[in-house]
Each structure stands twice: as C-alpha cells, then as structure tokens.
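The primary structure of each chain is shown beneath.
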Amino acid sequence: MKINIKDYLFRLAHLLFIGLIVVQFLPDQSGGDSYSNYLIGFAVAAEILTLALTAFISKKESRNLFLDIVGFIYAFLILWTLATSKLNLLNPSLFPPFGKILAQFGTDWQKILINIKSSVGIILQGFLLACAVAVPLGLFLGWAARAGNAATYLSKFFSSIPPIVYIPYGIALLPTFRSVSVFVIFLASFWPVFAGTMSGVLNVDKRIMDSAKVLNVSKPELLFQVILPASLPQIFLGCNQGLSVSFILLTSAEMIGARDGMGYYVKYYSDFGDYTRTITGLLVIGIVVIGVTFLFNLFQKRLLKWR
Amino acid sequence: MSTNKIEIKNLTVQYAEKNKQFTALHDVNFNVSQGEFVSIVGASGCGKSTLLSVLEGIYQNFQGEILIDGHPLEGTGKERGVVFQHYSLFPWMTTRKNIAFGIKQVRKNLSKTERLKIADEFLEKVGLGDFGNKYPSQLSGGMQQRAAIARALAMDTDILLMDEPFSAIDPKNRVILQELLLKLWEGTGDTPETRKTVVFVTHDIDEAILLSDRIVVLTSHPGTVSEIVAVPFARPRNRSELVQTLEYNKFRNKLLSLFYDDITNKIGGEEVVL
C-alpha cells in the first residue's frame, strides 16, 4: 500500500493544531492565570494521538471524518482561548479559560471518578434489572397474543407517566437515595424495553413463523431460538431508548437529593458559583454517556451481526 | 403399482373477507405417488400456494380430506420438508447452523457435532461448501435457496413441498438451480420407492416440464384442477438436449394453451398479462 504523505500530514486539522499552539503565546488580556501550559499539553497529546490513530484508519472516508472532528475541536479551542484569556470578551468566572478546566480535571479526577462510579453503577443496576424483567415478560405476553394486546395498552398508559414524578413516592417507599435512583431508573427503562420486546414479538415476520412451524420446532425452541432472536432488533431499540432516558433521569435525580454522582457534582459546585467545576462536570457527563452508549452499541452490533 | 403418498379428496378452501365468501380452491382432487415429482402450475391467484400451505399444514381451515401415507393430515409434520420462496432460513443463524437446526428437529438423538457434520456434507452437495459460516443476508438469493434445499434434503423427510422456490431468482441462476434440484432429486434414489416425493408449485412452464413426472394445471376463480398431464420425457433429463427436441416444444405449446385458454376465457379474449 502506498502511503501518501500529503494525505496524512497536510490537513486542515493539523494546521488548526499549529494555530491553537500559536494562539496560546499571544499576550493575555485578562488578569488571572490562563493555564495555557495545560491546554498546550492537552493539545500536543491530542495531536500525537490523532497522528497515531490516522495511521491505523485505512478507509479514506473514516480518516477524513475523524480528522474533521479533531479539526472542529481545535477550532473551538482556538475561539475559546481568544474569547477568554486573549481578548477578554466573556465573563471569566462564567467562562474560565479551557486550560483551567483541564487543570481542574487534573486536581479533581479522583473525586470525579468516584462520582462516575456511583452514577454508572446506579444506571447499570436499574437498567439491567429492567431488561432482565422486561424482556422475558414482553416475550411471554407478546406470545400469548390476547394478554399481550391488553398489556400493550396498559404499558402505553404507564410509560406515558414521566418517570421523574415517581421520585417523591420512591423516597417514601425506599430507605436510601441509591435505592430510590435504582427504582426510578428501573421504571424508566422498563417501559421502553418492555414495549420494544412486545412489538418485536408481535411483529415477527409471518414467513419466519411459517418456517418455524413447518420445521415442527418445540415451544421452548420457538420462543428462545426463533421469536427471541427475531425480536432482538426491536428489543435493542427499546434498550437504547431506556438507556438514554436513564441518564437524563439519574442526573436530574442526583441534582435533587444525592450525596454523590455526576449530577450532584455539577449542581453542588454551581451552587457555589464554581463554574470551572460545573463545566468540567458537564464535559465529563458527556464523555461518560458517550462511552457507555458506545460499549452498549458494540454489544448490540455483536448480537445483531447477522443483519 | 405405485402407492399413493398424498391423496387430496374434494379439497375446498374458502376465505371470509369483509363478510364476503371467497373460494380459493374448489373441489380439488388428485393423488401423488410415492417417489413422484408433481408440479402445480397456474396463473397468479389460482390458489396453488394455498394448496401447498394446506399440504404444509399451515392452513388448516379447509374442507375435504388430505391423506398422507393413508393417514389424515393433522397440522405440520416431520415427514414433510418445506422450501419457501423467501425466509426458509432463519436470518440469525449461519447457513450450517440453519441446516443443523433443521436436522435437530427430525433427529433428536444426534449430537451437535454430528448434526453440523451432516450440515457440511449437504452444503457441499449444493455447492456452498465455503459458505457454511455466512449468514443468509451475506448470501445472494440463489445461494439462500441452495441452502434452503440443502436443509430440506438434510432433514431427509419423505416428502418435499416447494412453494415457488426459484421465482425470485434471476433467470440465469434459476436455470442452474433447476438443474441442481433435478440432479439432487434424481440422486435421492434410483426407483420411485426410494426417491423423495415432491410437490412443486411454480408459474414457470419450462421449470415444471424439466422437473416433473406429472403437472397439475389449476384454473383460477375458483381454483380447481383443469388438467393433469404426464410429462413424457425419460429420466435422467438433460435440459439443453431436451429443449431442442420437437416433442418438447409440442408438449410445451399444449401446456401453454391450457394456461392461456383459462385466462382468455376468464377475461374475454383481451390482452393477457401473466
């Protein structure tokens, strides 16, 4: 394979990287420390990683996409740097220089990690519990068509209640904030997963059911080897929905009554006017959600690779 | 004297559609002998697929009597293997798993390795030896039908029911598949006693002639047997030699006229769209 140097090195993303570094050395207008060495360190690390990764991405379209994304990030950081420390256009307490956020991350990472662990732990517990109950239940009710039809309407009613309003009742029912969160996330992800499973089971292609019938498959085999895999795409649709609702719900719940978790971190520091930490928290939540969704999608792709 | 494998007596199927009775099949009578290859031909809507789904055991709301080996038909059965036009295979199983799954349904005593071994043998027979670990979606339509045939044969059922298995395949591959099926079926035994009994639904006259011992022609509205024609060509048959003979073309024209007469009678001699 011929490697075209121009394709790898002379790219807008790399020019923006150089621009970002140069901008850091302009004189500061704002008073405080602009933490530019943190930003420079971060940018250099990102650039090295980018160069290394692009060497491994063989498809031209994917490489372009990756570099475009990196380019956008650099461009955003250039604008951020200019607007904050270099030109002092924005209120520095609301818009800290980006280096300061990185520095904050450096000092707080242990605290942040504990909060991530708490949040992700609750999500996984509630979500997995919901899947473990909703998938078998949906499977059986969808299979018993008459009960299933009634259940569809009931689930429409219950799923229309925004799960967040269960929180006060959950607090009355359960002893700890953690158990309340798990309970609410269970409810929030139960309905989409259940509805997805039901619609998957009820909509299995008639031709596939006919194929199974003429093979004389036994009832358990029909359920677990035919109906379940045939419904899997719809089940995953419900799971994805449940997972994204779970994150929204948990972070909101954490802002109400928690003692740890990512939502708590953001709320707690914004109450003190510590917007550096607030923004740090926001970015971390974004990264965590993307990370969890990414892993879940990998799992889904593996199970649905036959499509 | 050949024995009757399948007997169809006074078969009538009526659908109720929006309070209107619709007769799909009316008083259909014919028998299929052990080891015989019978095709059912007819224009779209003549009820030929309904007839097959009755034999498959999927459509159970019929009047009349169906006997298999002298016993009344009750639902689906392990003595009948089926190849559909679409989705005979489960999309989430690789081709060899699909076949092994089919074998498992008829031969519970085999171990998983034994089943997979048989699956591989039959994949080899239909020319898919290298495609055992592919999913159906990774195969062409023709390859999917090859795998479906491999499964039906690997299940080693007495009777094969095939519902327009090649209708969705492009003409060139259709011919290849017909010849493959012919070869495989003729290979299931040297005498009718050992051969598989096949009921094959198609709207392709040439396909029916090449493959069948007898052809049942259905007319539509209501679907009923207009004629049963024995195919006068000796086996083993060779397509390219067969189609050049005068007898073939004469026979083909005779069948076509049966086909067209039905349609022209029904729509009053106007232009015919098949």
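Here goes a summary of the coordinates provided.

Conventions adopted
Residues numbered from 1 in each chain as written. Chains lettered and ligands numbered in written order. Predicted model: local features only at pLDDT ≥ 70, side-chain atom pairs only at ≥ 80, totals over all residues. Heavy atoms only, no water. Helix = DSSP H or I, 4+ residues; strand = E, 2+ residues; numbered from the N terminus. Buried < 20%, exposed > 50% of the residue type's maximum accessible area, 1.4 Å probe, protein only. Contact = heavy atoms within 4.5 Å. Lys, Arg positive; Asp, Glu negative; His and termini not counted. Charge placed at Lys NZ, Arg CZ, Asp CG, Glu CD. Patch = residues over 30% accessible without salt bridge, like charges linked within 9 Å, V, L, I, M, F, W, Y side chains within 5 Å. Areas by Shrake-Rupley, 256 points an atom, 1.4 Å probe, with all protein chains shown as cover. Salt bridge = Lys/Arg side-chain N within 4 Å of Asp/Glu carboxyl O. Pairing = 2+ DSSP bridges. Axes fitted to C-alpha atoms, helices over the stretch in contact; angles between N-to-C directions. Phe/Tyr/Trp six-rings, centres within 6.5 Å; stacked < 30°, edge-to-face > 60°. Buried area = accessible area lost by both parts, 1.4 Å probe. Polar contact = N/O pair within 3.5 Å; in protein donor to acceptor, adjacent residues only side chain to side chain. Nonpolar A, V, L, I, M, F, W, Y, C, P; charged D, E, K, R; others polar.

**Some details on the overall build of chain A**
Looking only at helices and strands, chain A features 12 helices and zero strands. What you see in chain A, going N to C, is helices and strands ordered as α-α-α-α-α-α-α-α-α-α-α-α. Projected onto its principal axes, the C-alpha coordinates of chain A cover approximately 75 × 60 × 30 Å. Taking all 307 residues of chain A together, 45% fall into the buried category. For chain A, contacts bridging at least 24 residues in sequence account for 75% of all contacts bridging at least 6. Treating the 24 positive side-chain charges of chain A as one cloud and the 14 negative ones as another, the clouds have centres 9 Å apart.

**Side note on a nonpolar patch on the surface**
A cluster of nonpolar side chains, contributed by L87(A), L89(A), L90(A), L94(A) and F95(A), occupies part of the molecular surface with about 450 Å² of accessible area. By secondary structure assignment, the location of L87(A) is in the loop between α4 (60–86) and α5 (98–143).

**Considerations on the sheet that holds strand β3 (residues 37–41) of chain B**
Residue and element names in this part refer to chain B. Reading across the sheet, the six strands line up as β6-β7-β8-β3-β9-β10 and stay open at both edges, with mixed pairing between neighbours. Strands with a single pairing partner mark the edges of an open sheet, and in this sheet they are β6 (80–83) and β10 (224–230). The mean angle between the axes of side-by-side strands here comes to 20°, regardless of whether they run parallel or antiparallel. In this sheet, strand β7 (residues 159–163) lies alongside β6 in parallel orientation, the contact comprising four bridges. Within the sheet, the bridge partner assigned to V83 lies in β7 and is M162.

**Digging into the packing of aromatic side chains**
Two aromatic rings are characterised by how far apart their centres lie and by the angle between their planes. The tally for this structure, following the rule as stated, stands at 30 aromatic pairs over all chains. An angle of 10° between the planes, with centres 5.6 Å apart, marks the rings of F158(A) and W191(A) as stacked. A residue pair is termed long-range when its members are at least 10 positions apart, and F158(A) in helix α6 (residues 145–159) and W191(A) in helix α8 (residues 177–202) qualify at 33 residues. Aromatic pair W306(A) and W92(B): ring centres 5.8 Å apart, planes at 70°, arrangement edge-to-face. You can see W306(A) sitting in the segment after α12 (275–303) and its partner W92(B) sitting in the loop between β6 and α2 (95–106), one on each of two chains. Like W306(A), the residue W92(B) is buried in the burial classification. Site record: aromatic cluster; members linked through ring pairs are F157(A), F158(A), F186(A), F190(A), W191(A) and F194(A).

**Regarding the interface of chain B and chain A**
Each partner contributes residues to the interface: chain B has 24 residues there, and chain A has 20 residues. Contact between chain B and chain A buries roughly 2,000 Å² in total, counting both sides, with carbon and sulfur atoms accounting for 66%. Linking chain B with chain A are one salt bridge. Two residues, K104(B) and E221(A), come together in a salt bridge whose shortest N-O distance is 2.9 Å. Counting across the chain B and chain A interface gives nine residue pairs in polar contact (both at pLDDT 80 or more). If you list the elements that add at least two residues to the side of chain B that touches chain A, you get β6 and α2 of chain B. Of all the elements, α2(B) adds the most residues to the side of chain B that touches chain A, at four residues. Looking at side-chain class alone, the side of chain B that touches chain A contains 11 nonpolar, seven polar and six charged residues.

**With respect to the pattern of salt bridges**
Residue and element names in this part refer to chain A. Applying the stated rule across the entire model yields 21 salt bridges over all chains. Across the pair D210 and K213 runs a salt bridge, and its minimum N-O distance is 3.9 Å. Placement of both D210 and K213 in helix α9 (residues 206–214) is noted, with a separation of three residues, approximately one turn of the helix. A single salt-bridge network, built from bridges that share partners, covers D108, D274 and R277.

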